[in-house]
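Analysis of the macromolecular model
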Amino acid sequence: GESVGLHLPTLSVQEGDNSIINCAYSNSASDYFIWYKQESGKGPQFIIDIRSNMDKRQGQRVTVLLNKTVKHLSLQIAATQPGDSAVYFCAEINSWGKLQFGAGTQVVVTP
Amino acid sequence: DGGITQSPKYLFRKEGQNVTLSCEQNLNHDAMYWYRQDPGQGLRLIYYSQIVNDFQKGDIAEGYSVSREKKESFPLTVTSAQKNPTAFYLCASSIGPIVGQAQGEQYFGPGTRLTVT
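This report concerns the structure included in the present document. (Residues numbered from 1 in each chain as written. Chains lettered and ligands numbered in written order. Predicted model: local features only at pLDDT ≥ 70, side-chain atom pairs only at ≥ 80, totals over all residues. Heavy atoms only, no water.)

Following the sequence through the fold, lysine 9 of chain B ends up in the loop between β1 (4-7) and β2 (10-13). Given the relative accessible area of 40%, lysine 9 of chain B is considered partly exposed. Placed 32 residues apart in sequence, lysine 9 of chain B and glutamine 41 of chain B show a C-alpha to C-alpha distance of 19 Å. Those residues in contact with lysine 9 of chain B, other than ones at most four positions away along the chain, are Gly41 of chain A together with Pro110, Gly111, Thr112 and Arg113 of chain B. (Helix = DSSP H or I, 4+ residues; strand = E, 2+ residues; numbered from the N terminus. Buried < 20%, exposed > 50% of the residue type's maximum accessible area, 1.4 Å probe, protein only. Contact = heavy atoms within 4.5 Å.)

Here is the structure:
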(Lines give C-alpha, C1' and ligand atoms only; values in the text may rest on other atoms or scores of the structure.)
Protein backbone atom coordinates (compact mmCIF):
# COMPACT_ATOMS: atom_id res chain seq x y z
CA GLY A 1 0.00 0.00 0.00
CA GLU A 2 0.91 3.65 -0.16
CA SER A 3 2.72 4.95 2.88
CA VAL A 4 4.73 7.73 4.37
CA GLY A 5 7.72 6.81 6.49
CA LEU A 6 10.78 8.23 8.14
CA HIS A 7 14.33 6.94 7.79
CA LEU A 8 15.59 7.62 11.34
CA PRO A 9 13.63 7.06 14.51
CA THR A 10 16.00 9.14 16.70
CA LEU A 11 18.31 12.01 15.83
CA SER A 12 20.77 13.36 18.37
CA VAL A 13 22.03 16.86 17.58
CA GLN A 14 24.40 19.14 19.41
CA GLU A 15 23.04 22.54 20.27
CA GLY A 16 23.93 25.03 17.57
CA ASP A 17 24.35 22.43 14.85
CA ASN A 18 21.96 21.99 11.95
CA SER A 19 19.43 19.14 11.98
CA ILE A 20 18.22 17.23 8.97
CA ILE A 21 15.16 15.00 9.27
CA ASN A 22 14.29 12.77 6.34
CA CYS A 23 11.02 11.33 5.12
CA ALA A 24 10.18 8.99 2.26
CA TYR A 25 6.78 8.80 0.66
CA SER A 26 5.41 6.39 -1.88
CA ASN A 27 2.19 8.01 -3.11
CA SER A 28 3.25 9.85 -6.23
CA ALA A 29 -0.21 11.42 -6.46
CA SER A 30 0.24 13.40 -3.24
CA ASP A 31 0.75 17.06 -3.93
CA TYR A 32 0.92 18.64 -0.52
CA PHE A 33 3.23 17.86 2.37
CA ILE A 34 3.42 19.15 5.91
CA TRP A 35 5.95 18.92 8.71
CA TYR A 36 4.61 18.86 12.25
CA LYS A 37 6.43 19.16 15.55
CA GLN A 38 5.07 17.36 18.60
CA GLU A 39 6.40 18.06 22.06
CA SER A 40 5.91 15.50 24.77
CA GLY A 41 2.29 15.24 25.90
CA LYS A 42 1.03 17.82 23.42
CA GLY A 43 -0.68 17.85 20.06
CA PRO A 44 1.29 18.31 16.83
CA GLN A 45 2.03 21.84 15.72
CA PHE A 46 2.39 22.93 12.12
CA ILE A 47 5.94 23.89 11.16
CA ILE A 48 6.03 24.29 7.42
CA ASP A 49 4.39 22.95 4.30
CA ILE A 50 5.27 22.54 0.66
CA ARG A 51 3.34 21.84 -2.50
CA SER A 52 4.56 19.44 -5.13
CA ASN A 53 5.23 22.20 -7.65
CA MET A 54 8.01 23.47 -5.40
CA ASP A 55 11.30 21.88 -4.42
CA LYS A 56 12.24 24.16 -1.56
CA ARG A 57 10.50 26.36 0.96
CA GLN A 58 12.01 28.33 3.79
CA GLY A 59 10.62 29.47 7.08
CA GLN A 60 12.17 30.85 10.20
CA ARG A 61 15.20 28.60 10.85
CA VAL A 62 13.52 25.77 8.94
CA THR A 63 13.74 24.67 5.32
CA VAL A 64 11.78 21.92 3.65
CA LEU A 65 13.15 20.23 0.56
CA LEU A 66 11.10 18.07 -1.76
CA ASN A 67 12.60 15.69 -4.30
CA LYS A 68 9.78 14.21 -6.31
CA THR A 69 12.11 12.10 -8.42
CA VAL A 70 13.03 9.93 -5.45
CA LYS A 71 9.91 10.75 -3.40
CA HIS A 72 11.89 12.24 -0.57
CA LEU A 73 11.13 15.05 1.81
CA SER A 74 13.46 16.60 4.34
CA LEU A 75 13.27 19.17 7.09
CA GLN A 76 16.35 21.19 7.94
CA ILE A 77 16.54 23.08 11.21
CA ALA A 78 19.29 25.67 11.43
CA ALA A 79 21.18 26.30 14.66
CA THR A 80 19.24 23.71 16.63
CA GLN A 81 18.14 24.85 20.07
CA PRO A 82 17.03 22.90 23.16
CA GLY A 83 13.46 23.94 22.41
CA ASP A 84 13.66 22.04 19.15
CA SER A 85 13.71 18.73 21.02
CA ALA A 86 10.52 16.99 19.96
CA VAL A 87 9.13 14.39 17.61
CA TYR A 88 8.86 15.56 14.03
CA PHE A 89 6.29 14.09 11.66
CA CYS A 90 6.03 14.44 7.95
CA ALA A 91 2.56 14.08 6.49
CA GLU A 92 1.18 13.96 3.01
CA ILE A 93 -2.25 14.90 1.80
CA ASN A 94 -3.54 12.66 -0.92
CA SER A 95 -5.85 13.55 -3.74
CA TRP A 96 -9.02 13.42 -1.65
CA GLY A 97 -7.71 15.32 1.29
CA LYS A 98 -6.72 12.56 3.68
CA LEU A 99 -3.71 13.35 5.81
CA GLN A 100 -1.28 10.43 6.23
CA PHE A 101 1.43 10.63 8.84
CA GLY A 102 4.80 8.97 9.03
CA ALA A 103 5.97 7.30 12.24
CA GLY A 104 7.97 10.32 13.40
CA THR A 105 11.59 11.12 14.29
CA GLN A 106 12.62 11.97 17.83
CA VAL A 107 15.08 14.86 17.83
CA VAL A 108 17.22 15.15 20.95
CA VAL A 109 19.28 18.30 21.35
CA THR A 110 22.36 17.89 23.52
CA PRO A 111 24.31 20.75 25.13
CA ASP B 1 -8.33 33.04 21.24
CA GLY B 2 -9.32 30.67 18.46
CA GLY B 3 -8.35 27.07 18.77
CA ILE B 4 -9.24 23.51 19.59
CA THR B 5 -9.85 22.28 23.08
CA GLN B 6 -9.94 18.75 24.33
CA SER B 7 -11.04 17.67 27.75
CA PRO B 8 -10.05 16.22 30.01
CA LYS B 9 -6.28 16.06 29.60
CA TYR B 10 -6.09 12.76 31.50
CA LEU B 11 -8.88 10.21 31.77
CA PHE B 12 -9.00 6.95 33.66
CA ARG B 13 -11.63 4.27 33.17
CA LYS B 14 -12.29 0.71 34.14
CA GLU B 15 -12.38 -1.93 31.46
CA GLY B 16 -15.86 -2.51 30.08
CA GLN B 17 -16.99 1.10 30.44
CA ASN B 18 -17.72 3.43 27.58
CA VAL B 19 -16.03 6.82 27.75
CA THR B 20 -16.57 9.99 25.72
CA LEU B 21 -13.78 12.38 24.84
CA SER B 22 -14.66 15.99 24.15
CA CYS B 23 -13.39 18.09 21.24
CA GLU B 24 -14.50 21.66 20.60
CA GLN B 25 -13.23 24.18 18.05
CA ASN B 26 -14.04 27.83 17.50
CA LEU B 27 -12.11 28.17 14.26
CA ASN B 28 -15.25 27.84 12.13
CA HIS B 29 -13.71 24.81 10.46
CA ASP B 30 -15.94 22.42 8.55
CA ALA B 31 -13.76 19.33 8.89
CA MET B 32 -12.83 17.59 12.13
CA TYR B 33 -10.77 14.50 12.83
CA TRP B 34 -9.92 12.04 15.57
CA TYR B 35 -6.55 10.33 15.74
CA ARG B 36 -5.06 7.79 18.05
CA GLN B 37 -1.37 7.82 18.96
CA ASP B 38 0.43 4.97 20.67
CA PRO B 39 3.87 5.36 22.28
CA GLY B 40 6.63 5.84 19.73
CA GLN B 41 4.23 5.73 16.83
CA GLY B 42 2.57 8.04 14.39
CA LEU B 43 -1.03 9.16 14.24
CA ARG B 44 -3.76 6.83 13.02
CA LEU B 45 -7.08 8.17 11.82
CA ILE B 46 -10.14 6.92 13.71
CA TYR B 47 -13.01 8.99 12.30
CA TYR B 48 -13.41 12.22 10.40
CA SER B 49 -16.26 14.54 9.59
CA GLN B 50 -16.35 16.85 6.61
CA ILE B 51 -19.56 18.60 7.58
CA VAL B 52 -22.20 18.68 10.29
CA ASN B 53 -24.30 15.51 10.58
CA ASP B 54 -21.87 13.55 8.46
CA PHE B 55 -18.85 11.46 9.39
CA GLN B 56 -16.72 8.72 7.90
CA LYS B 57 -14.66 5.86 9.29
CA GLY B 58 -10.93 6.21 9.24
CA ASP B 59 -8.34 3.47 9.33
CA ILE B 60 -9.09 2.15 12.83
CA ALA B 61 -12.75 2.90 13.53
CA GLU B 62 -13.65 -0.40 15.18
CA GLY B 63 -14.65 0.07 18.81
CA TYR B 64 -15.21 3.81 18.43
CA SER B 65 -18.19 6.00 17.64
CA VAL B 66 -18.64 9.71 16.93
CA SER B 67 -21.31 12.29 16.37
CA ARG B 68 -21.30 15.69 14.67
CA GLU B 69 -24.47 17.48 15.70
CA LYS B 70 -22.78 20.87 15.82
CA LYS B 71 -20.04 22.38 13.70
CA GLU B 72 -17.99 23.19 16.77
CA SER B 73 -18.13 19.80 18.42
CA PHE B 74 -16.97 16.30 17.49
CA PRO B 75 -17.08 13.99 20.54
CA LEU B 76 -15.49 10.55 20.37
CA THR B 77 -16.84 7.60 22.35
CA VAL B 78 -14.46 4.79 23.12
CA THR B 79 -16.67 1.77 23.61
CA SER B 80 -16.06 -1.42 25.53
CA ALA B 81 -15.61 -3.15 22.16
CA GLN B 82 -12.28 -1.38 21.64
CA LYS B 83 -9.68 -4.03 22.51
CA ASN B 84 -6.79 -1.71 23.42
CA PRO B 85 -8.25 1.66 24.35
CA THR B 86 -5.31 3.01 26.34
CA ALA B 87 -3.70 5.64 24.12
CA PHE B 88 -3.23 9.35 23.47
CA TYR B 89 -6.19 10.74 21.52
CA LEU B 90 -5.84 13.80 19.33
CA CYS B 91 -8.59 15.85 17.76
CA ALA B 92 -7.92 18.10 14.79
CA SER B 93 -9.81 20.40 12.47
CA SER B 94 -9.26 21.96 9.08
CA ILE B 95 -11.03 24.52 6.93
CA GLY B 96 -12.21 21.79 4.61
CA PRO B 97 -11.26 18.38 3.33
CA ILE B 98 -10.35 19.48 -0.16
CA VAL B 99 -6.67 19.51 -0.98
CA GLY B 100 -5.22 22.97 -0.93
CA GLN B 101 -2.63 24.85 1.04
CA ALA B 102 -5.06 26.57 3.36
CA GLN B 103 -7.58 23.79 3.43
CA GLY B 104 -5.21 20.93 3.98
CA GLU B 105 -3.49 22.02 7.14
CA GLN B 106 -4.94 20.46 10.25
CA TYR B 107 -4.90 22.21 13.60
CA PHE B 108 -4.55 19.92 16.58
CA GLY B 109 -5.89 20.04 20.09
CA PRO B 110 -3.71 19.31 23.14
CA GLY B 111 -4.84 15.68 23.34
CA THR B 112 -6.46 13.42 25.93
CA ARG B 113 -4.49 10.60 27.47
CA LEU B 114 -6.89 7.73 28.19
CA THR B 115 -5.89 4.92 30.51
CA VAL B 116 -8.13 1.90 30.85
CA THR B 117 -7.40 -0.64 33.56
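Cis peptide bonds are those with omega within 30 degrees of zero, and the linkage from serine 7 of chain B to proline 8 of chain B qualifies with -10°. Mapped onto the elements of the fold, proline 8 of chain B is located in the loop between β1 and β2. Despite not being glycine, arginine 61 of chain A has its phi angle at roughly 65°, a positive value. Unusually for a residue other than glycine, alanine 79 of chain A sits at a positive phi of about 45°.

The next subject is the interface of chain A and chain B. Counting residues at the interface gives 24 residues for chain A and 23 residues for chain B. Buried surface at the junction of chain A and chain B, both sides included, amounts to about 1,700 Å², of which 55% is carbon and sulfur. There are zero salt bridges connecting chain A and chain B. Where chain A meets chain B, there are three residue pairs in polar contact (both at pLDDT 80 or more). Elements with a minimum of two residues in the side of chain A that touches chain B: β4 (32-38), β5 (45-51), β9 (86-93) and β10 (99-101) of chain A. With four residues, the single largest contributor to the side of chain A that touches chain B is β4 of chain A. (Buried area = accessible area lost by both parts, 1.4 Å probe. Salt bridge = Lys/Arg side-chain N within 4 Å of Asp/Glu carboxyl O. Polar contact = N/O pair within 3.5 Å; in protein donor to acceptor, adjacent residues only side chain to side chain.)

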